[in-house]
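In case you want the letters, here they are:
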Amino acid sequence: MGKGKRLKKLRRTSEASFSDKFQETFTRNFQKELKNSELWDEIVAQYGEKRALELIRECKAEVKTDMEIK
């Protein structure tokens, strides 16, 4: 099997949709920015560090691709 065929096969098997990749990246960036914000200190003060980390992991971005553009 040549290099081109191997690369095509690799892309086909590991291919996630653009919206899935975007959603994962957006979620990671949002969680990182939230942790670096002033709000993070308030969340930790109110819930404690362990619970605050659990809450931040629950924050997920949702990308809707079926919306109409007007």
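The rules behind the values
Residues numbered from 1 in each chain as written. Predicted model: local features only at pLDDT ≥ 70, side-chain atom pairs only at ≥ 80, totals over all residues. Heavy atoms only, no water. Helix = DSSP H or I, 4+ residues; strand = E, 2+ residues; numbered from the N terminus. Buried < 20%, exposed > 50% of the residue type's maximum accessible area, 1.4 Å probe, protein only. Expected span 1.5 Å × (residues − 1). Arc of directions from axis to C-beta. Contact = heavy atoms within 4.5 Å.

(A) Expanded view of the environment of E42. Structurally, the position occupied by E42 is in helix α3 (residues 38-47). Looking at E42, the relative accessible area reads 53%, which means it is exposed. Between the C-alpha atom of E42 and that of A52, which follows or precedes it by 10 residues, the distance is 9.7 Å.

(B) Highlighting helix α2 (residues 18-35). A rise of 1.5 Å per residue sets the reference length of α2, with its 18 residues, at 26 Å; its end C-alpha atoms lie 26 Å apart and thus fit the reference within 8%. When α2 is considered as a whole, its buried residues turn out to be T27, Q31 and L34. Taken down its axis, α2 places every buried residue within 70° of arc, on the same side. For α2, the exposed residues lying more than 90 degrees away from the buried face are F18, R28 and E33. For α2, the elements touching its buried residues are α3 and α4 (49-58).

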